[in-house]
Amino acid sequence: MAERASIEAAVGNADLHFPGEDRIRQNRAISSIGVISSRTRARCGQANHMGFIERHVPRYDEEGTLMKQVEEVFQIRWNGSDIQCQVALLDQRYIRDEVAWEDLRTILHPWKEWKIRGFYRGALRHSRAMEYTHRLAHLEGKVPPREVFNMIRGLGYFDHDASAVGNDATSKRSAFNHWTTLLARWEHQIQDAKAHIEAAEAREEERQKRAGEKAKRKAEAEEGRAKKKAKIGPSTMAEQNVLSARAQRARARNARKQ
């Protein structure tokens, strides 16, 4: 910035004049020899097929921030040592123009940064209707928001004078607070899902243990009955069956007499 100011001051002191028509191809925001008036731009612009002169806005400003408005963040990924966001971009008429992957640093602007938080809030909202195993996979399948937060913080986005006032300072303090709240909610949801999964696994293990013990007792009982039948023998068992039948008939006669 200091170099740009020095160049502009030198050009001004030299009393040099570069017509706007000769500077029309330069970026209006970072021109080192003065801005170009809208009237000159309109006069030198090229009409489209409908006869309208379109304003051509550079993709990034002098600080590398994306100039187009971000409609939505669809996905976030690691790309080497950088984090990228898949975003839907709007044109000057606020109509969706394209979907592209952009480096995180290019959308660190108050009008765009909150869409990153919106991506994670949407993931939390959608996970509520999921079974705990699917919820955990859904959340852990994304770049953790803490890693995104740490990169944003490392890029100095939240830096401001603690005593500063105004929209910029307020916006950065608010963004920082929103991120800390989001991180707490995200980590709570993951820990809650893990706790429910562990509890369900413990219940299933206990159920299988009881079922195994029951099957073991049943097998032991059947084995005992088989051994008892083997000791009694077929003839003795036949005699017991006859005696049992006689006893049943006697009880029936006594019941009729009464």
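That block above? That's the structure.
Residues numbered from 1 in each chain as written. Predicted model: local features only at pLDDT ≥ 70, side-chain atom pairs only at ≥ 80, totals over all residues. Heavy atoms only, no water.

Observations regarding the packing of aromatic side chains
Following the criterion strictly, the structure yields eight aromatic pairs and no others. Residues Phe119 and Tyr120 carry aromatic rings whose centres are separated by 5.0 Å and whose planes lie at 75 degrees to one another, so their mutual orientation is edge-to-face. Assigned by exposure class, Phe119 and Tyr120 land together as buried. Ring geometry for Tyr157 against Phe158: centres 5.5 Å apart, planes inclined by 70 degrees, an arrangement best described as edge-to-face. (Phe/Tyr/Trp six-rings, centres within 6.5 Å; stacked < 30°, edge-to-face > 60°. Buried < 20%, exposed > 50% of the residue type's maximum accessible area, 1.4 Å probe, protein only.)

Considering a positive patch on the surface
A surface patch of like charges, here positive, comprises Lys214, Arg217, Lys218 and Arg225. In this fold, Arg225 is placed in helix H6 (residues 167–232). (Patch = residues over 30% accessible without salt bridge, like charges linked within 9 Å, V, L, I, M, F, W, Y side chains within 5 Å. Areas by Shrake-Rupley, 256 points an atom, 1.4 Å probe, with all protein chains shown as cover. Salt bridge = Lys/Arg side-chain N within 4 Å of Asp/Glu carboxyl O. Lys, Arg positive; Asp, Glu negative; His and termini not counted. Charge placed at Lys NZ, Arg CZ, Asp CG, Glu CD. Helix = DSSP H or I, 4+ residues; strand = E, 2+ residues; numbered from the N terminus.)

Observations concerning the pairing of strand E1 (residues 69–79)
In this structure, E1 lies alongside strand E2 (residues 82–90), joined through nine bridges in antiparallel fashion. Its bridge partner lying in E2, Val73 is registered against Val87. What sits between the antiparallel neighbours E1 and E2 is a turn of two residues, in which Gly80 has the positive phi angle 70 degrees. (Pairing = 2+ DSSP bridges.)

Some remarks on helix H4 (residues 132–140)
Every buried residue of H4 is accounted for by Arg135, Leu136 and Leu139. Relative to the axis of H4, the buried residues are bounded by an arc of 95 degrees and lie together on one face. Structural note: H4 exposes His134 and Ala137 on the side pointing more than 90 degrees away from its buried face. (Arc of directions from axis to C-beta.)

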